[in-house]
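Summary of the model geometry
Listed here are the chains, written in short residue letters.
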Amino acid sequence: MEAHAGDRLLMHGRTVGQHDRVAEIIEVLGDGGAPPYRIRLPDGHEHLMSPGPDSVVQHVEAPRDRH
């Protein structure tokens, strides 16, 4: 798993009725984009996390300069 600050972390629900959760990766603490990650949830709470196999990194492209 490789991520960069600004990417999103999609955490799939693991039980029936548990919804997927999405968080913003605000800091990558591992080498070469590896976990652990500091994430921010939509409610503003921040956590340090090493995601498991039920999580997916969604890469967000950096905006391009328009000249």
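Remember, predicted model here, so these are calculated numbers, not experimental data. (Residues numbered from 1 in each chain as written. Predicted model: local features only at pLDDT ≥ 70, side-chain atom pairs only at ≥ 80, totals over all residues. Heavy atoms only, no water.)

1. Comments concerning the side chain of aspartate 7
Put simply, the rule is: By definition, any uninterrupted DSSP run of H or I lasting at least four residues is a helix, any uninterrupted run of E lasting at least two residues is a strand, and each is numbered from the N terminus. When a residue's accessible area, from a 1.4 Å probe over protein chains only, is under 20% of the maximum for its type it is buried; when over 50% it is exposed; and in between it is partly exposed. By the counting scheme adopted, Arg and Lys are positive, Glu and Asp are negative, and His together with the chain ends is not counted. When a carboxyl oxygen of Asp or Glu is within 4 Å of a side-chain nitrogen of Lys or Arg, the pair counts as a salt bridge. Any N or O atom pair separated by 3.5 Å or less is treated as a polar contact, with the protein-specific requirement of one donor-capable and one acceptor-capable atom, and with residues adjacent in sequence counted only for side-chain atom pairs. In what follows, a contact means two residues having at least one pair of non-hydrogen atoms within 4.5 Å.
Locating aspartate 7 in the fold gives a position in the segment before strand 1 (8–11). At 8.0 Å, arginine 8 is the nearest oppositely charged side chain to aspartate 7, a buried residue that forms no salt bridge. Polar contacts involving the side chain of aspartate 7 include one to the side chain of histidine 59, which spans 3.0 Å. When residues no more than four places from it in sequence are discounted, the contact partners of aspartate 7 are Ala23, Glu24, Ile25, Val57, Gln58, His59 and Val60.

2. A word on the nonpolar core
As a reminder of what qualifies: Nonpolar core, defined: a set of buried Ala, Val, Leu, Ile, Met, Phe, Trp, Tyr and Cys residues in which side-chain atoms within 4.5 Å join the residues together.
Grouped together as the largest cluster of nonpolar side chains are nine residues: Ala3, Leu9, Met11, Ala23, Ile25, Tyr37, Ile39, Leu41 and Val57. Broken down by secondary-structure element, the contributors of at least two residues to this core are strand 1, strand 2 (21–28) and strand 3 (37–40). The residues contacting isoleucine 25, other than those within four sequence positions of it, are Ala3, His4, Ala5, Gly6, Asp7, Arg8, Leu9, Tyr37, Arg38, Ile39 and Val57.

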